[in-house]
Amino acid sequence: MARLIDGKAVAAELREGLKARCAGLAARGITPGLAVILVGDDLASRIYVRNKERACASVGIHTRTFRFPAETEMGALKAQIDALNADDSFDGILLQLPLPQGLCADELLERIAPEKDVDGFHPLNFGKLALGLGGKTPCTPAGCMELLRRAGVEIAGKEAVVIGRSRLVGKPTALLLQAADATVTLCHSHTRDLAAHTRRADILIAAAGKAGLVTGEMIKPGAAVIDVGINRMPDGTLCGDVEFSSAEPVAGAITPVPGGVGPMTIAMLLKATIDAAEERRG
Ligand code: NAP
């Protein structure tokens, strides 16, 4: 029976530490600030943004959401980003993705000042990550690494398999695991015989967005399994990419969905904003 890696509990513990750091900054007259840009009316994005606002408030980060209709043109969004880059009261700028059709996320992400890029999506930060030069790290991958560390999972020298190669999750997670001295295999939709790879994994990260893609017989006994997937089922419930019922008896440690990686993503966003405030304001 696998040990449950409780992301909710780890995130709550992290938040306590972040609250204390915020209080330290407040004593110096500094309130970390996060600006969120939300374009369009996507329900999931609105829920994510609301959760981020609440989480910021709970640790003492000032936040403001700049809302734009779906038909907004690139010029107006670029102007908003320029204004936020120059606004000293914001240490972090987050562009909520996905954007409505017709808008180019790459162009906008590149416009965000790298030192305020708390999501770590700016090419400069991503390049630094790839080169092992530090920089800002995307929040979900950072959350996965923190969960592994807090669960006491040894990474150096281990076989790590990441399913999914998106720039949001899969790619940066693979880079972080590599930086932590794991031997990393990155799988994607063209991978032949996925199970042959996953069965070798001491650490398995599932980030494909396919409900139940990974079943128990695809998991090496004792492996640490981090399930990043969030899939909404027809009955409205959420599930991950890993079939929990068959995986749990085989894995050594496993994250649940919900309550695993999700809460960590938000906690790491808060941390990134406070880090940015400390870096920017000495
Ligand atoms: P994405 O951009 O759609 O990327 C999915 C990746 O999975 C792609 O690289 C794709 O391969 C690969 N893939 C799809 N089907 C596969 C299969 N059958 N076998 C192997 N690889 C397969 O998704 P994402 O943004 O990375 O998100 C992945 C999942 O994580 C989603 O469920 C998302 O909701 C969730 N998520 C959770 C959090 C959190 O906080 N917990 C944060 C972000 C995302 P190709 O490149 O070949 O197409």
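Now for a quick tour of the structure. Keep in mind that this is a model prediction, so the values were computed, not measured.

1. Considerations on helix α3 (residues 74-86)
Working step 1: In this model α3 runs 18 Å from its N-terminal to its C-terminal C-alpha over 13 residues, within 8% of the 18 Å that 1.5 Å per residue would give.
Working step 2: All of the buried residues along α3 are M74, L77, Q80, I81 and L84. With its buried residues spanning 125 degrees around the axis, α3 presents them on a single face.
Working step 3: The secondary structure elements touched by the buried residues of α3 are β2 (33-39), β3 (62-68), β4 (92-95) and α4 (105-111).

2. Notes on the packing of helix α1 (residues 7-27) against helix α10 (residues 261-280)
Working step 1: Running from N to C, α1 and α10 cross one another at 20 degrees; their axes reach a closest spacing of 9 Å. In terms of axis orientation, α1 runs roughly parallel to α10. Our pair here, α1 against α10, has a crossing hand that is left-handed. Taken together, the residues of α10 that come into contact with α1 (itself represented by G7, K8, V10, A11, L14, R15, L18, R21, C22 and L25) are P263, M264, I266, A267, M268, L270, K271, I274, D275, A277 and E278.
Working step 2: By residue class, the composition of the contact of α1 with α10 is 14 nonpolar, one polar and six charged.

3. Description of the pattern of salt bridges
Working step 1: Within the structure shown, the criterion is met by 18 salt bridges.
Working step 2: Between D91 and R281 there is a salt bridge; the shortest N-O distance is 2.7 Å. On the criterion of sequence distance, the pair formed by D91 in the loop between α3 and β4 and R281 in the segment after α10 is long-range, its members being 190 residues apart.
Working step 3: Owing to a relative accessible area of 0%, D91 belongs among the buried residues under this scheme.
Working step 4: Taking the shortest distance from any N to any O, the salt bridge between R150 and E146 comes out at 2.9 Å. Here R150 and its partner E146 are both found in helix α6 (residues 139-150), four residues apart, which amounts to about one turn of the helix.

4. Section: the pairing of β4
Working step 1: Neither face of β4 is exposed, since G92 and L94 on one face and I93 and L95 on the opposite face are all buried.
Working step 2: Inspection of the sheet shows β2 paired to β4 by four bridges, in the parallel sense. Of the residues in β4, the one forming a bridge with L34 is G92.

5. A word on the nonpolar core
Working step 1: Ranked by internal contacts, the top residues of the largest apolar core, which has 55 residues, are L34, I61, L148, L177, I205, I226 and V228.
Working step 2: Here the element with the most residues in this core is α10; it accounts for eleven residues.
Working step 3: Setting aside residues up to four positions removed in sequence, I205 forms contacts with L148, V161, V162, I163, T173, L177, I226 and V228.

Rules used in this analysis
- Counting restarts for each chain, with residues numbered from 1 along the sequence as it is written.
- Reporting in this predicted model follows two pLDDT cut-offs: at least 70 for local features of residues, and 80 or more for side-chain atom pairs to be given and counted; totals over whole chains, interfaces and linings ignore these cut-offs and use all residues.
- Note: side-chain values were computed over all heavy atoms of the structure, leaving out hydrogens and water.
- A run of H or I in DSSP becomes a helix once it reaches four residues, and a run of E becomes a strand once it reaches two; helices and strands are each numbered from the N terminus.
- Here the expected span of a helix is defined as 1.5 Å times the quantity of residues minus one.
- Relative accessibility decides the category of a residue: with a 1.4 Å probe and only protein chains considered, values under 20% of the type maximum give buried, values over 50% give exposed, and everything between is partly exposed.
- As used here, the arc is the angular range of directions from the helix axis to the C-beta atoms.
- Two residues form a contact once any of their heavy atoms are found within 4.5 Å.
- Between N-to-C directions, angles span 0 to 180 degrees; the directions come from axes that are lines fitted to C-alpha atoms, helices contributing only their stretch in contact.
- In this scheme, roughly parallel covers angles under 35 degrees and roughly antiparallel covers those over 145, while 65 to 115 is roughly perpendicular and the rest are oblique.
- Take the far helix as the reference: if the near one is turned anticlockwise from it by less than a right angle, the crossing is left-handed, and if turned clockwise, right-handed.
- Just so you know the grouping, Ala, Val, Leu, Ile, Met, Phe, Trp, Tyr, Cys and Pro go in nonpolar, Asp, Glu, Lys and Arg go in charged, and all remaining residues, Gly too, go in polar.
- A side-chain nitrogen of Lys or Arg and a carboxyl oxygen of Asp or Glu constitute a salt bridge if their distance falls within 4 Å.
- Strand pairing requires that DSSP identify at least two bridges connecting the strands.
- Residues belong to one nonpolar core when they are buried, are Ala, Val, Leu, Ile, Met, Phe, Trp, Tyr or Cys, and are joined through side-chain atoms within 4.5 Å.

By themselves, these observations are geometric and do not establish any function.
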